[in-house]
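These are the residues of each chain, in order.
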Amino acid sequence: MSDGQTPQNPQHPRPADDNPYQRASSGWTGPDSHPTQPVPPTYPGLPLQQPTHAPPRERKGRGRTGLAAAVVATSLLVGGGAGIGGAAWWDATQDGSGGTSQASPVSTSQVSSQSQAPAADGSVESVAQKVLPSVVKIDVTTAEGGASGSGIILTADGTILTNNHVVEGAEAGSLTVSFDDGTSAKAQVLGTDPLTDTAVIKAEGVSDLTPATIGKSANLGVGESVVAIGSPFGLDATVTSGIVSALDRPVNVGSDDQGNSTTYPAIQTDAAINPGNSGGPLVDLTGAVIGINSSIRTAASQSPYGGGQSESGSIGLGFAIPIDEVMPIVDQMASGETPTHARLGIQVGDAQTGDAAGAVVREVTSGSTAEKAGLGSGSVITKVDDHRITGADSLVATIRSYRPGDSVSVTWTSGGEEQTATLVLDSDATQG
């Protein structure tokens, strides 16, 4: 059974493998897996340095018990780096005639030690210093193996926001949260919401954590600078920066067990987001959380082994769930309540050739707010309030940004005539 805004187009179904959006969960081998000990790839013509395990960093604890977070080992390609470094050294030691040049002596008075200056307000450095203590790495054990993602600390006693797909399928007692100071703790799931791809977990036996500052995604503008923080490929405390590339971008990353689509009006950014960033924060330059990093657009690439496709990393197309849209649902999950969502009471698909651009109504639920407003099968919804509707995903994402009981103005065409009506959105809590 699907909810009222599920995009259903039996004439043009979307094969699961054709979805260009990949959830930014962790994994060396796929979108939702991250082996604890990855097998390093080999690339023709490039020597490969085998992974090494660095000792854990010593950090001052917060009075919590737990194991120090292990530093995740990764394989490094050294061919290109060695070539660049070798060329730089060659240029520095060769004169124009091919002979070795003598370095000029430098007096000690010319050498000064460089001390770290205080981070300027509004700089990426200052944002990192403020936000890193509020970001965690989440390790999960599922029936398929190990996975990892990121999370945002909401309360001092361990309430943490992340993506549903980060903790989905987690076995009992398998969640481990690693903090910025190197300590770790077990965690349990308080609530999940597949429709918004969010989840709330609670770390056990912790206190005095640093909660993140929650901002307003509604205040964002295209071109505004943002910073993403998380654990891409298991590399904790990774900071990347970029800009807001677009707003209200409809992103469909799949569906729940009932066929309801997981679609949200995403913040698009060119800040590097990779598998493992899922659940981590996208913040503005005040350090306030304005989004949850959740998915990436991938570009298929030919496998170096020959045949088939290989998973690609960031291509500058990352997507975050706007924080404004999900905080009411987060509050419900943190309180142990079942999340609720706004619905029109219809099933829709994309407009066909010859139709007006918009979402075509396929079916109307009896007694729904859509039926009461006069929407019928074949109607094409083109606008909700000031939001232009370009297709099924666009409508679903827009309705998901509202709450049950909100009043919205809906514009549609039927029989060549345009109509507009004000509707009070239903709740999926009352669906049969």
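For the structure itself, consult the block above.
Residues numbered from 1 in each chain as written. Predicted model: local features only at pLDDT ≥ 70, side-chain atom pairs only at ≥ 80, totals over all residues. Heavy atoms only, no water.

### Examining the overall build of the chain
Piece 1. Secondary structure assignment for the chain yields six helices and 26 strands.
Piece 2. Looking at the chain as a whole, 45% of its 432 residues qualify as buried.
Piece 3. Taking the intrachain contacts of the chain between residues at least 6 apart in sequence as the baseline, contacts between residues at least 24 apart amount to 64%.
Piece 4. On the chain, roughly 20500 Å² of surface is accessible, and the fraction owed to carbon and sulfur atoms is 51%. (Helix = DSSP H or I, 4+ residues; strand = E, 2+ residues; numbered from the N terminus. Buried < 20%, exposed > 50% of the residue type's maximum accessible area, 1.4 Å probe, protein only. Contact = heavy atoms within 4.5 Å. Areas by Shrake-Rupley, 256 points an atom, 1.4 Å probe, with all protein chains shown as cover.)

### Describing the pairing of strand β22 (residues 380-384)
Piece 1. In terms of burial, β22 is a largely internal element, four of the five residues being buried.
Piece 2. For strand β21 (residues 359-364) and β22, the ladder comprises two bridges, and the chain directions are antiparallel. By the bridge assignment, A359 is partnered in β22 with I381.
Piece 3. Pairing of β22 with strand β24 (residues 407-414), which is carried by four bridges, proceeds in the antiparallel orientation. What sits directly across from V380, in β24, is T413.
Piece 4. Pairing between β22 and strand β23 (residues 387-388): two bridges, direction antiparallel. Within β23, the residue paired with K383 across the bridge is R388.
Piece 5. Counted between consecutive antiparallel strands, the loop separating β22 from β23 contains two residues, among which D385 sits at a positive phi close to 50°. (Pairing = 2+ DSSP bridges.)

### Considering the sheet that holds strand β8 (residues 184-193)
Piece 1. As summarised here, the arrangement of the six strands in space is β4-β5-β6-β9-β8-β7, forming a closed barrel in which the pairing is antiparallel. Averaged over neighbouring strand pairs, the angle between their axes works out to 40° when direction is ignored.
Piece 2. As defined by bridge partners, strand β7 (residues 175-178) adjoins β8 across four bridges and the pair is classed as antiparallel. The partner of L175 across the bridge, within β8, is A187.
Piece 3. Against the sheet, helix α4 (residues 323-334) engages β6 (159-162), β8 and β9 (198-203), with an angle of about 50° to β9. (Axes fitted to C-alpha atoms, helices over the stretch in contact; angles between N-to-C directions.)

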